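The primary structure of each chain is shown beneath.
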Amino acid sequence: MNLSTFIKMLVKHPIHDKLCHNHNKIIKTSKAMKQLLSKNRIISIKIPTCLRSFRTAPNLKYCTHPPKMARVLKLNNGTQIPVVGLGTYKSPPGQVQQAVKDAVSVGYRHIDCAWFYENEAEVGEGLHAKIADGTIKRSDVFITSKIWNNHHAKEKVVPMLKDSLSKLKLDYVDLYLVHWPMGFKETAPSLPTDASGYSDVDYLETWEGMEECVRLGLTKSIGLSNFNSEQVERVVTNCKIKPVVNQVEVNPNINQKKLIKFCKDRDIVVVGFCPLGRSNYAGRPGFPSPTIHDPEVIKMGEKYNKTAAQVVLNYLVSLGVVVIPKSVTKSRIEENFDIFDFTLDKNDVAYLDSCNKNERCSPQTAYKDHKYFPFSIEF
C-alpha cells in the first residue's frame, strides 16, 4: 500500500494517535495527512504491522477518534482564555524567567501571575524575551494578575494594577482578579497572624475599583479568585461589569463540580489552581495526598502512554476547567501541555470522580474568623 492510499483511508476513517505509540509521529492526524496529500508529497512506505488490520479498525482498542478537546474557552465578554496556562506561584527567583521562556516555546499562551507572588518582573523579562525573538506578539499571549488582600480599598485598585504592569513592562493585562474576598489592613503584613490585621473593606468596593481598571484600558477582563457561590452571586447581582472567571483550587481531591456548575450557569469560567495537588506536602498531616501518586491513576497513565499528571489535567479540562499547573522544569512544562490527544474512558472518569473528598491544599484556616472567609459553606 502506498502512502496516498493510506492517507485517503485515514481521512475517511480517522484513527486515534494511541492506535500505535511507535508511529504516532508519522501518523499524527488526518489534517496533517490531508496537507501532505494536497502538496503531492507522496512516497511509498511499509505500513506498520499494527495498522495492517486497518479495514477492521473498529475492533482495535484505540481506534475511536476522540472528540476534539478545546484549547480555548470563550469568556462572557467575548474574549478567549487558553485552557492550559503556566502557574507561577512560588516559582523561585532566577528560574521563573526561564520557565516562562520554555513555556512560550512549547506553545503556552497563558501565564498566570499575581502581585503576591513577588516575581512579576521576572515573568515580564521571560515574556519580553520571547516577543523580542519573534516567537510571539503581545497580543498572542493571555496574562493574568491579581490584587492582594492589603489593597482592597477602591482607590488602591488602579495603582496596584499599574504597579504590576510596571513590573511586567506591559500596557495592559488580559485578566485582573481579586485574589481573595478577605481584606487585610494596608499596614498589616501580607499574611497577618491575627485578626488585628483584618480589614472590613467590602469586596464590592474592591470590585468598583476593578471595573475602573477596565474603563481605563488597564485590563481587558476582570474576575474573582477563591470566592464561594454566595460571594460570586453577590458580585454578579451588584456589578456593572460581570466577572469572567472565578479562580479556585481544583483537583481530583476537590473537583468543585457544584461550584463549576454554579459558575457555568452564570456564564463564568472556573480556572483551577493546584490542579496536581502539592507533591511537596505529600505525607504532611492535614493535607490531601496528590492524586498523581495514586497507583490507579499511574496505571491509567500507562494505559494511555501518558503520565499520571497528564491524566489528571486531561480530566480537569474535560470538566470545563482552565488549568494552570506550576513548574520551572522544562520537561514537566512540556508534559503538562501535552494533554489534548487522548480521551479518558468512562471507567477512568468515574474513578477520578470518586477521588473527590473536598480536601484543600490551600484551606487558609488561619483566617476562618474573617468576615469574608470563603470556605465556611459547602461551595
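Whatever comes next refers back to the structure up there.
Residues numbered from 1 in each chain as written. Predicted model: local features only at pLDDT ≥ 70, side-chain atom pairs only at ≥ 80, totals over all residues. Heavy atoms only, no water.

### With respect to the environment of Asn255
(1) Moving on: Here Asn255 is to be found in the loop between strand 10 (245-249) and helix 8 (257-265).
(2) Moving on: A residue is classified by how much of its surface remains accessible, and Asn255, at 5% relative accessible area, is buried.
(3) Moving on: The spacing of Asn255 and Asn358 is 103 residues in sequence and 7.4 Å in space, taken between C-alpha atoms.
(4) Moving on: If sequence neighbours within four positions are ignored, Asn255 has contacts with Val250, Ile260, Tyr315, Leu319, Asp353 and Asn356. (Helix = DSSP H or I, 4+ residues; strand = E, 2+ residues; numbered from the N terminus. Buried < 20%, exposed > 50% of the residue type's maximum accessible area, 1.4 Å probe, protein only. Contact = heavy atoms within 4.5 Å.)

### A closer look at the pairing of strand 6 (residues 173-178)
(1) Moving on: With respect to burial, strand 6 is a largely interior element, 6 of its 6 residues being buried.
(2) Moving on: With helix 5 (residues 154-168) bridging strand 5 (residues 142-147) and its parallel neighbour strand 6, the resulting β-α-β unit is right-handed.
(3) Moving on: Bridging between strand 6 and strand 9 (residues 219-225) involves 5 bridges; their strand directions are parallel. In the strand pairing of strand 9, Tyr176 is matched with Ile222. (Right-handed = clockwise from strand over helix to strand, strands pointing away. Pairing = 2+ DSSP bridges.)

### Quick look at empty space enclosed by the protein
(1) Moving on: The full count for this structure, using the stated rule, is 3 cavities of 30 Å³ or more.
(2) Moving on: Along the walls of the largest cavity sit Phe227, Asn228, Val248, Gln256, Leu259, Arg360, Pro374, Phe375, Ile377 and Phe379, which together make up its complete lining.
(3) Moving on: By residue class, the composition of the lining of the largest cavity is 7 nonpolar, 2 polar and 1 charged. (1 Å grid on protein atoms, 1.4 Å probe; cavity = no way out; pocket = protein on both sides within 12 Å on 5 of 7 lines; lining within 4 Å. Points joined across faces, edges and corners; volume = space filled by probe spheres on them. Nonpolar A, V, L, I, M, F, W, Y, C, P; charged D, E, K, R; others polar.)

### Things to note about the pattern of salt bridges
(1) Moving on: Counted according to the given criterion, the structure contains 18 salt bridges.
(2) Moving on: Close ionic contact of Lys130 with Asp133 constitutes a salt bridge, the shortest N to O distance being 2.8 Å.
(3) Moving on: Classification of Lys130 by relative accessible area gives buried; the value is 10%.
(4) Moving on: Judged by relative accessible area, which is 46%, Asp133 ranks as partly exposed.
(5) Moving on: Across the pair Arg234 and Asp202 runs a salt bridge whose closest N-O atoms are separated by 2.6 Å. Residue Arg234 is found in helix 7 (residues 229-238), and its partner Asp202 is found in the loop between strand 8 (198-199) and helix 6 (203-215); the two are separated by 32 residues along the sequence.
(6) Moving on: Look at Arg234 and you get partly exposed, because its relative accessible area is 29%.
(7) Moving on: A single salt-bridge network, built from bridges that share partners, covers Lys303, Asp345 and Asp348. (Salt bridge = Lys/Arg side-chain N within 4 Å of Asp/Glu carboxyl O.)

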